Amino acid sequence: LVIVESPSKCQTIAKILATYVKDNSLAYDFQVSSSMGHIRNLPKSDTSKKKKENQIKPNGKFPYTIAGIDLENGYQPEYVLLPGKGPLVKELQHLAANAELVLLATDPDREGEAIAWHLTQVLDLAPSRYQRVTFTEITPSRILEAVKSPVELNTNLVHAQETRRVLDRLAGYTVSPVLWKKIAPGLSAGRVQSVGMAMVVQRERERLCFETTPYWNIKAVLGKDFSPQGQILRPGSSHKRHLLEGDANELVKVLSDAEFTVIQVKSTTRKQQPPQPFKTSTLQQEANRRLGMAVQQTMRVAQQLYEEGLISYMRTDSTHLSDDAECAIGVSVRGQFGPDRLWVGSSKTKRKPKDSKFAQEAHEAIRPALQPDGIFLEPRYLLQKVALSDQAERLYTMIYQRTLACRMPPIATNQTSVLIAGVQEGTTAHFRVSGSVVIDPGYTLAYCRDAEEENDEAYLPALREGQILNAGEILAVAHETQPPPRYNEASFVKELESLGVGRPSTYSGIVQILRDRAYV
DNA sequence: CAGTGAGCGAGCTTCCGCTTGACTT
C-alpha cells in the first residue's frame, strides 16, 4: 500500500508502478491511496467535560487551559481525527491491514513528514510494517528510485512540525480571547496573521507621518527635430537636482538664452536575465499584476488547471524544473522561436534557481504539465482539448509563456546617456537625457515585459559630442514627493514570503482573514 | 390560562497548514 497526500497523484503513480511490476523490476503488487492532506489535528476546542476537570486545579494554580494542549504535562498535544475524515481513515486502516507493507509517500517537507507519522499512529503500524519513501517529481525513474531506496522517518522533522503546531495554538488561543474581551468578539491574533497585519499598520504609519514636499526641476526642450527633455543635475554630480520654486524660476530665466552643448555621449549594453519559473508566490503576484486576478481567484483557477492535468502542482516554494520539463521547454522554444533561442548558458552564466531560504522544495516549479507525448500543450490548442473559462485560458497561457522564457536568452538593450551643458554668464547647468533601445528581445519574445518595465524605454536621436543644440523652451516643472504606496494583494504576498511568514498553501488565506474580519 | 418580558446561564468565537469535494449563496 502506497499512501500519498493528494488523490490526483494516485492514478499516475499506480500506472507507473504497474509497468515496473509487469517487467519484474518490482516484486510487489501495489495499491495507491491518499490521505487528502492531514488526517489528525488538535481539537478545535476542549470538550465541556474536560473543561470542568480543568477548572479545579489540585495544585492551586490559576486554571488556565489551551484546547488540546496539556500545559501541566510538557505541552503534550491531544490529537483528534479531522471532522469528516472518519470513513477515509477506516478505509486506509482496512487497506493497511491487508497490505504486506505500507509505503508512506507523503510530501518530502515538514508537514508531509508529520502526516506520515500520524499515519503510523492511526494505522497502528509497527516499524517493520512501513517504509518512508519520498520523491519530488512523479516520473517513472524517480518513483522507481524512491521505492527501491526507502529512508528513515525523519523524527526531527516530525518534532519540528508538532512544535510549530503547538506554538501556533498557544500563541493564537492565548491572545485572541484577550481581543474578545477588550475589543470585540470573534477577533483573532496569530503568528502569521498578526505579522501580516503589522506590516499593513507599519506601512500606514509611514504614510501618515510622511510629509509631502513640493520640489521643482528644470526641463529643457532642445533641438528642432527632437525635444530631449533633460533633467537638470546637481553641480558636479550625476544626481537629479531638486530645486525650490524661486530658484527654479530664477534658473529658467538665466538659461533662457543659454548655449547648449553636448559634452558626453555614453552608450552601454545592458542585459536583463530571464525570470525564474513560477512558484506559488510569484504566480500570485504576476496574475495579480498582469491579469488583474485576486490571489484567491488565481489559486482557484490554478487548481482547475491542475485537475485537468494541464499544469504541475500549484502550491510550491520551488523554482526547480525536472529534466523532462527541461526537454519539453527545449522542444517548444526550438519549435516556436528557432534553435538559437534556447538558452542553456554555460555553467557559469546559467542562472541558478535562487529559492527563498525558507523554501522546503517538496515540489517542482509551477509549469505546464507534460502531455502523454512528453511535450507541453500549446495555448492555442488548449480550448480544443478542454472547455475552460477565459481566466483559466489566460492563466495557462501566462504559465506556458513564462516557462519557455525562463530558458531563453537575456534581453539586451542599448542604454544611451547624454550629458548636455547649458552655459550663460558664467552659470553652467548640466542636463542629462537617457534613452534605451532593444537590440535583442531575448526571452521577451515569449514572455513580454510589464508595461511598467517598457515605459523606461525612450527613443533618442543620434547626438555627437560637441554638438550645439538649439535652445527651445526651458521649463520649471513642479513635483511632489510621494509617500510609500499601500500594499496590494501582490506586494503583500511578496513581502510575506520574503519574511518567511506563511506557506504556499496559506498565502491566499491570510489575505482572506484580514479582509473578512475587516482588519484592513 | 395564555402570552409577554425580564433575568439568567450556557456555549461560542480563536491559531497554522495540508488536502478535496460537498455544501450553500
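Residues numbered from 1 in each chain as written. Chains lettered and ligands numbered in written order. Predicted model: local features only at pLDDT ≥ 70, side-chain atom pairs only at ≥ 80, totals over all residues. Heavy atoms only, no water.

**Examining the overall build of chain A**
Counting secondary structure elements, chain A contains 16 helices and 15 strands. Scaling as 2.2 N^0.38, a compact globule of 520 residues should have a C-alpha radius of gyration of about 24 Å, whereas chain A reaches 30 Å, well beyond that. If you line up chain A on its principal axes, its C-alpha atoms span 95 × 70 × 40 Å. Counting across all 520 residues of chain A, residues that qualify as buried make up 43%. When contacts within chain A are restricted to residue pairs at least 6 apart in sequence, those whose partners lie at least 24 apart make up 77%. Carbon and sulfur atoms make up 51% of the accessible area of chain A, which amounts to about 28400 Å² in all. Side-chain charges of chain A comprise 63 positive and 59 negative groups, with the mean position of each set lying 4 Å from the other. (Helix = DSSP H or I, 4+ residues; strand = E, 2+ residues; numbered from the N terminus. Rg over C-alpha atoms; globule rule 2.2 N^0.38 Å. Buried < 20%, exposed > 50% of the residue type's maximum accessible area, 1.4 Å probe, protein only. Contact = heavy atoms within 4.5 Å. Areas by Shrake-Rupley, 256 points an atom, 1.4 Å probe, with all protein chains shown as cover. Lys, Arg positive; Asp, Glu negative; His and termini not counted. Charge placed at Lys NZ, Arg CZ, Asp CG, Glu CD.)

**Structural notes on the domain arrangement of chain A**
For chain A, the domain assignment lists domain 1 (2–40 + 83–153), domain 2 (171–209 + 486–516) and domain 3 (214–273 + 411–480). Look at where the C-alpha atoms of domain 1 and domain 2 centre, and you get two points 36 Å apart. (Domains from an automatic or database assignment.)

**A few points about helix 6 (residues 155–182)**
End to end, helix 6 covers 41 Å across 28 residues, agreeing with the expected 40 Å (1.5 Å per residue, within 8%). Looking at the buried residues of helix 6, the elements they touch are strand 3 (40–41), strand 4 (69–70), strand 5 (76–77) and helix 4 (110–122). Near the N-terminus of helix 6, the side chain that reaches the backbone nitrogen of Asn 156, with its oxygen 3.0 Å away, is that of Asn 154. (Expected span 1.5 Å × (residues − 1). Polar contact = N/O pair within 3.5 Å; in protein donor to acceptor, adjacent residues only side chain to side chain.)

**What to know about the pattern of salt bridges**
Enumeration over the complete set of coordinates arrives at 18 salt bridges. Residue Arg 486 is joined to Glu 204 by a salt bridge in which the shortest nitrogen-to-oxygen separation is 2.7 Å. Within this pair, whereas Arg 486 is found in the loop between strand 15 (471–480) and helix 15 (489–499), its partner Glu 204 is found in helix 7 (residues 193–208), the two being separated by 282 residues in sequence. One salt bridge in this structure joins Arg 402 and Glu 286, with 3.7 Å as the shortest N-O distance. With Arg 402 in helix 13 (residues 390–405) and Glu 286 in helix 9 (residues 280–291), this pair connects stretches of sequence that are 116 residues apart. Since its relative accessible area comes to 8%, Glu 286 is described here as buried. (Salt bridge = Lys/Arg side-chain N within 4 Å of Asp/Glu carboxyl O.)

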